[in-house]
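Each chain, letter by letter, is given below.
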Amino acid sequence: DGSVGGLTSPVGGYANSDNVLMARFWNIPTGTKLNYAMNAVNFGPTPAIKFSHAHRKYLSDPNEDKLEIFVSSNCGATWTSVYNQSGANLATKVPSDTAFFPKVNSDWKTTVVALPAFANTSNVVVRFEMTSGFGNNLFIDDINLQGASASIETLTEEGFNVYPNPASEKIN
């Protein structure tokens, strides 16, 4: 429905990327939840989630947009909330009555969420849940699961391709 999707530059966090996860809270009803789940990873001894976000609260709306991050180590049977921010705590800029699109580095905030409860845990899934307060747009970028790796068994079972093939100096 176009509520979540990649956008192109100049929106990317800190100008590090051309695409970004966007929740169009400006256009969707209060209470609508948008979810983005990542592929399962194996965490080492010091796991963390590092990400950047940009959000501006809508000036006259009493409802608050929310970003919550959940982690599961049992294929989503249960989820643990590890980050939960809304309203002024989520905002990276002062409120506005116009649709927000980040344009400069100061529009962004970088957060690191330590995950000690998931140290040395396999098949961990991270899910970003964005809940609309019919406020302003939310952007998430530069997601990095620190201390994580994909399992070799998963890569072997699913296979993988190397591009370009043949490679001369670097691979993408």
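That block above? That's the structure.
Residues numbered from 1 in each chain as written. Predicted model: local features only at pLDDT ≥ 70, side-chain atom pairs only at ≥ 80, totals over all residues. Heavy atoms only, no water.

A. Region of the structure containing the overall build of the protein chain. A count of helices and strands for the protein chain gives two helices and 10 strands. Start at the N end of the protein chain and walk to the C end: the helices and strands fall as β-β-β-β-β-β-α-β-β-β-β-α. Evaluated residue by residue, the protein chain yields a buried proportion of 40% over its 172 residues. With an accessible surface of roughly 9,500 Å², the protein chain has 51% of that area assigned to carbon and sulfur atoms. (Helix = DSSP H or I, 4+ residues; strand = E, 2+ residues; numbered from the N terminus. Buried < 20%, exposed > 50% of the residue type's maximum accessible area, 1.4 Å probe, protein only. Areas by Shrake-Rupley, 256 points an atom, 1.4 Å probe, with all protein chains shown as cover.)

B. Main features of the nonpolar core. The biggest cluster of nonpolar side chains holds 25 residues, and the ones touching the most others in it are I49, F51, L67, F128 and M130. If you list the elements that add at least two residues to this core, you get β2 (21-23), β4 (42-58), β5 (66-72), β9 (125-131) and β10 (138-149). Setting aside residues up to four positions removed in sequence, F51 forms contacts with L67, I69, Y83, K109, T110, T111, V113, F128, I140, D141, D142 and I143. Core analysis: the second largest hydrophobic core is formed by six residues, M22, A54, F100 and W108 among them. (Core = buried A, V, L, I, M, F, W, Y, C linked by side-chain atoms within 4.5 Å. Contact = heavy atoms within 4.5 Å.)

C. Broad picture of the pattern of salt bridges. Under the counting rule described, the total for this entry stands at four salt bridges. Between K66 and E68 there is a salt bridge; the shortest N-O distance is 3.4 Å. Taking the relative accessible area as the measure of exposure, K66 reaches 22% and is therefore partly exposed. If you follow the salt bridges from partner to partner, you end up with K33, R127 and E129 in one network. (Salt bridge = Lys/Arg side-chain N within 4 Å of Asp/Glu carboxyl O.)

D. Spotlight on unusual backbone geometry. Phi angles above zero are rare outside glycine, and C75 is one such case at about 60°. Here C75 is to be found in the loop between β5 and β6 (80-86). Judged by relative accessible area, C75 falls into the exposed class, the value being 72%. In this model, D142 sits at a positive phi of 55°, which is unusual for a non-glycine residue. Mapping D142 onto the fold places it in strand β10.

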